[in-house]
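Given next are the chains, with one letter for each unit.
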Amino acid sequence: MTTVSWREKGEDSTAGWHSENGAPPPRDIVVIHDDIAADKALRMIRRGTGLLWRGDFHNARQLMRALDRRLQKRASRAPKSSEPGEVFLANRKARAQRAETLGKVLIPLEQDYSVRLRRAPDVRNACTHAYGPPTHNGNDSTGRETLVSLPELLGVISAYEWHLGGIEVAALGARIHPAYGVFAPTRDEYIDLVADASWPQGVEDPIVWDIGTGTGVLAAVLARRGARQVVASDINPRAVQCARDNVGRLGWADRVDVVEADLWPYGDDDEVGDSRRADVVVCNPPWIPGHPTSALEQGIYDPGSDVLGRFLDGLAQHLTPRGEGWLILSDLAEQLGLRSRDELLQRITDAGLTVIGTHETTPRHSRASDTDDPLHAARSKERTILWRLGARRDT
């Protein structure tokens, strides 16, 4: 674990440094209390200083909100573009700068994950859920504090609340419980597309693969609607455990096998035996070309459309003769001008695939109707599409 140091009460102090998104520790750390003004705090942060909070926990949140208001006000003065793609990139850059700035407000965690600040919540269970048991997660074993950013700690608390309460999924008639660092199925339109799509013609009781399963929600839906066997894969170990927990809780563990893998459950060898093919291969990849800045963003941003491209390139060889690939993809990237429909169709063709049919739906999330959203024009036109893909007979 990285060690950071600072001066406090005339003495040298040290602590461990933890950042889930890999952010480096601040160059300098200064201890601050409730009496610090937001403008002064912002000036210090802009010099690269980390602010170690020793005051009231609720006041730390107030400081963060005050800093955020100043950052938003500054962003509002920036020149505006009428091009959706440029608006998107500008907003994403502003959000990254905001995250970097607010991430300089630091909270000390004790070795048992407790926070010894006035009015601090008990975050021990939330941190154990996110980071693992204190003795096994790399937490400082010398008894020193570990410093984390306040935004990260608030994210840990929020994720734990989502985990405990779960998310109601109509297609399951049950709740899915997301885990920290695993993309939560808050947008349910893609779930309904999978729940309603008919099996490939001539295929009954199919063997189905769910690529990039996340919480396991689609694997559970596919098992519930009659798949003989579902193999769900994910490259994220947290997602693998989360999916196993969910399908077990829902009673589908005997029909759903969750494995840790990068896309294909049995690898991507050039020669794939019949026992390693599926009647239906479902994939809901990240839908926007771009670089993720956190584990959660890996469910949204796909650098160079790499995941999408690798899925399409390997799909034909993993399908049974009558099999189909179900690609679920938002067209928001098209609305933003980051990828064209023609480019997507060409990639499908180049992969030796043909489009058998499509099903689409409009998004139901709140941003689609938020006229104050800078990307409202694009979001209001967004469609989520299930592409039914088959191997071309001439391949």
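Structural data are supplied above this passage.
Residues numbered from 1 in each chain as written. Predicted model: local features only at pLDDT ≥ 70, side-chain atom pairs only at ≥ 80, totals over all residues. Heavy atoms only, no water.

Novice: An account of the overall build of the protein is needed here, citing residue identities and associated values.
Specialist: For the protein, the helix and strand inventory stands at twelve helices and 15 strands. Taking 2.2 N^0.38 as the reference for a compact globule, 395 residues should give roughly 21 Å; the C-alpha atoms of the protein span a radius of gyration of 23 Å, in line with that estimate. When the 395 residues of the protein are sorted by exposure, 50% land in the buried category. Counted over contacts in the protein with a minimum sequence separation of 6, partners at least 24 positions apart contribute 69%. About 19,500 Å² of surface is accessible on the protein, with carbon and sulfur atoms providing 46% of the total. Of the side chains in the protein, 50 bear a positive and 56 a negative charge, and the two mean positions are spaced by 7 Å. (Helix = DSSP H or I, 4+ residues; strand = E, 2+ residues; numbered from the N terminus. Rg over C-alpha atoms; globule rule 2.2 N^0.38 Å. Buried < 20%, exposed > 50% of the residue type's maximum accessible area, 1.4 Å probe, protein only. Contact = heavy atoms within 4.5 Å. Areas by Shrake-Rupley, 256 points an atom, 1.4 Å probe, with all protein chains shown as cover. Lys, Arg positive; Asp, Glu negative; His and termini not counted. Charge placed at Lys NZ, Arg CZ, Asp CG, Glu CD.)

Novice: Describe in detail the pattern of salt bridges, supporting the description with residues and values.
Specialist: This structure, assessed with the given rule, holds 19 salt bridges. Its salt-bridge partner being Arg116, residue Glu110 comes within 3.9 Å of it at the nearest N-O pair. Take Arg116: its relative accessible area is 64%, and that puts it in the exposed class. Shared partners join several salt bridges into a network, and the residues in it are Glu8, Arg54 and Glu145. (Salt bridge = Lys/Arg side-chain N within 4 Å of Asp/Glu carboxyl O.)

Novice: Account for the nonpolar core, with residues named and values stated.
Specialist: Ranked by size, the top nonpolar core spans 36 residues in total, and within it Ile107, Leu109 and Leu153 carry the most contacts. At the level of elements, helix H1 (38–46), strand S4 (49–53), helix H2 (57–76), strand S5 (105–109), helix H4 (124–131) and helix H5 (150–165) are the ones that each hand at least two residues to this core. In terms of residue count, the dominant contributor to this core is H2 (seven residues). If we ignore the near neighbours within four places in the chain, the residues touching Ile107 are Trp53, Phe57, Ala60, Val115, Leu117, Thr146, Leu147, Val148, Leu150 and Leu153. Listed in part, the 34 residues of the second largest apolar core include Val87, Leu336, Leu344 and Trp387. (Core = buried A, V, L, I, M, F, W, Y, C linked by side-chain atoms within 4.5 Å.)

Novice: Report on the packing of aromatic side chains, specifying residues and quantitative values.
Specialist: Inspection of every chain in the model, using the stated rule, returns seven aromatic pairs. With 6.1 Å between their ring centres and 70 degrees between their planes, Phe183 and Trp287 make a pair best called edge-to-face. Here Phe183 is found in the loop between strand S8 (174–176) and helix H6 (189–196), whereas its partner Trp287 is found in the loop between strand S12 (278–283) and helix H9 (306–315), with 104 residues between them in sequence. You can call Phe183 partly exposed: its relative accessible area is 32%. For Trp287, a relative accessible area of 10% puts it in the buried group. Ring plane angle 15 degrees and centroid distance 5.8 Å describe the contact between Trp264 and Phe311, whose orientation is recorded as stacked. Here Trp264 is found in the loop between strand S11 (256–260) and S12, whereas its partner Phe311 is found in helix H9, with 47 residues between them in sequence. Each member of the pair, Trp264 as well as Phe311, carries the same accessibility label: buried. (Phe/Tyr/Trp six-rings, centres within 6.5 Å; stacked < 30°, edge-to-face > 60°.)

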